[in-house]
Amino acid sequence: MSPKKAKSEPASVFSPALAARFDALVQKYPVRRSALIPMLLYAQDEVGYLSDAVVAEIARRIGITELEVRNVATYYSMLRFKPAGEFNIQVCTNISCMLRGAYEVYERFREELGVGPNGVTADGLFSLEEVECIGACCWAPAIQVNYEFHDELKPDLVPGILSGYRGKAKQKGKTPDA
Amino acid sequence: MPRLVSHPDEVKIVSRRFGMGATNIDRYIELGGYEAVKKCLAQGPDWIVEEMKASGLRGRGGAGFSAGMKWSFVPKQSAKPKYILVNGDESEPGTCKDHLIFLHDPHSVIEGTIVAGLAVGAKMGFIYLRGEYRYLLEIMERAVADAYDRGFLGKNIFGTENEFQIITQTGAGAYEVGEESALMESLEGKRGIPRIKPPFPAVVGLYGGPTVINNAETIATVPHIINMGGAPYAAVGTPRNGGTRLFCISGHVERRGVYELPMGYSLKKMIYDVAGGISGGRKLKAVVPGGSSTPVLLPEEIENVGMDFDQVGKAGSMLGSGGVVVIDDQTCIVEFALRTISFYAHESCGWCIPCREGTDWLKKSLTRFHAGFGTRSDIDNIQYLAENMLGRTFCPLGDAAAMPTIAFVKKFRKEFEDHLNGKPCPYAREGVPQLTVV
């Protein structure tokens, strides 16, 4: 049960920063396991998804089984076991957004990207997802690109949003040909 | 960035500091911040609970239970540590008020949490935000760190013997975690499945200790009540419904936004005056008064309804979470019902069979029905199925899915019947893609 380093411990998939964040986090709670859900999300932010290695490492660091980690992780809709695009586009289509044209916005993203629900573009830059209410009902229709909100959208604003993120990717120097 | 709105009828109490830079701790103090905690440190726990009871503040998450009463249920003596848990897992469709509180006034949440801690004798509080609110979590984390730096949190808050610690926590996407016992499960690192009650959280809650769980808006209101006094706060609202409320007006109205209005404010005025009426000069078809779980109201049903828990209840619906969703006359109610139930089918945690299976069957029936493959008996079956979910689940999610469905069928039976003539939706808006499978 001890999370202390054993001799046979495999190499960490966490960056030093993430490992430090984990160590600080578990200290805060009365119970170590309370860090599980935040850590799953933070690890996913860094690695891109919950790979087998991530699940194993979190289980080891918290001191629970991999099965327990998976049991919890499969419950939460933001957690995924497959890679998404570098920019995961989440279009809210719940009632308030639907009334303001969310499905038209969603369709436009589909056309522009050429991918369907939960699809990833060939260059790995974008993925598209239809999501439930994201708490931006009064500024509908709204989307999130990773954690960034865009609100009061219209289909015609879609190309501009996409080129904005393509530009960001280029700046980071890891863009495939756009 | 969420747009702020205002209207002359607003009474800004909770939203007083919105747009004033109060995320900065110095600015917050300049605007009267942290005075409530000082007052409470001087007055003591019994006084706090009495003021809270006098305020008539009822839970802003949706259940509308008296906050002061809730606090008074926590036993004075406890072998296990007591906790304050702030529910910022805002996920009820139509609701986006906590979003603005975290964005504009994070210290009010911290201050309210400390006051709640002093009232019940807790030394630790948790502020739980839904996973999607990462940028708001970062604002909260910053505010908590600043409060620690000033000695407002820690071993000796404000230089007294009182200890209070706050931990911010992120969820990872789950509507059900907004239910109080599921929220505790999630915070303990588990699946967000509700607990059987009793025991209630006030007696056995987080980590087995007595726990007060309040909605973020409820907690953000607390410092204002302490500052202005319980009775004056209550006087702003209607009898048994103290104070103001953040109403989130969305859908087919001209000026959508979050408005702080006195409890009991006319729903009709809210739609036609405050929010500027129906978009594009169209007509009102229906309104969902308190988030997607609340039964829909017809235009003739809102004539004399004031927006407080009792009046909306009498009109046949619920005040819920304050999410007012306005629907115009070009909307297909079957489609709206389908989108609503699809949400609950997605979010059901799967523990109770009537909810897990019921939401899924309703979704399938409504999908087929909306696509033009329904039969006459489907209409009654949909209502019958929903009625048999009522009261048969451990948490309110089953009811939350069933109640609006029943209301849609009962109040819009003709629209359902009109879908029987073999064509896909006769109410489809022109040029809008048909919602077939969600």
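Draft legend 1. Quick peek at the overall build of chain A. When helices and strands are counted, chain A shows 7 helices and 4 strands. Written out in order from the N terminus, the α and β elements of chain A read α-α-α-α-β-α-α-β-β-β-α. Principal axes of the C-alpha set define a box for chain A whose edges measure 55 × 35 × 25 Å. The buried share of chain A, taken over its 178 residues, is 42%. A separation of at least 24 residues holds for 61% of the contacts in chain A among residues at least 6 apart in sequence.

Draft legend 2. Examining the domain arrangement of chain B more closely. All names here are of chain B. One can read the domain layout of chain B as domain 1 (25-236), domain 2 (244-328) and domain 3 (333-418). Spacing between the C-alpha centres of domain 1 and domain 3 amounts to 34 Å. The interface is formed by 9 residues belonging to domain 1 together with 8 residues belonging to domain 3.

Draft legend 3. Up close: the sheet that holds strand β1 (residues 83-88) of chain B. All names here are of chain B. One open sheet accounts for 4 strands, arranged β3-β2-β1-β4; its pairing is parallel. Two strands bound the open sheet, and with one partner strand each, they are β3 (165-170) and β4 (211-215). Averaged over all pairs of adjacent strands, the angle between strand axes in this sheet comes to 20°, irrespective of strand direction. Inspection of the sheet shows β1 paired to strand β2 (residues 124-129) by 6 bridges, in the parallel sense. Each residue of the ladder has a partner; that of L85, found in β2, is F126. Strands in contact with helix α6 (residues 106-120) are β1, β2, β3 and β4; relative to β1, the strand with the most contacts, it is inclined by about 150°.

Draft legend 4. Geometry of the sheet that holds strand β1 (residues 87-92) of chain A. Residue and element names in this part refer to chain A. If you trace the 4 strands from one edge of the open sheet to the other, you get β2-β1-β3-β4, paired in mixed fashion. Lying at the two open borders of the sheet, with one neighbouring strand each, are β2 (126-131) and β4 (148-150). Looking at each pair of strands side by side, their axes are set apart by 25° on average, direction ignored. Note: β1 against strand β3 (residues 143-145), 3 bridges, orientation antiparallel. Paired with V91 across the bridge in β3 is I143. Across the face of the sheet, helix α6 (residues 102-113) comes into contact with β1 and β2 while running at roughly 150° to β1.

How each quantity is defined
Residues numbered from 1 in each chain as written. Chains lettered and ligands numbered in written order. Predicted model: local features only at pLDDT ≥ 70, side-chain atom pairs only at ≥ 80, totals over all residues. Helix = DSSP H or I, 4+ residues; strand = E, 2+ residues; numbered from the N terminus. Buried ≥ 20, exposed ≤ 12 C-beta atoms within 10 Å, placed from the backbone. Contact = placed C-beta atoms within 7 Å. Domains from an automatic or database assignment. Pairing = 2+ DSSP bridges. Axes fitted to C-alpha atoms, helices over the stretch in contact; angles between N-to-C directions.

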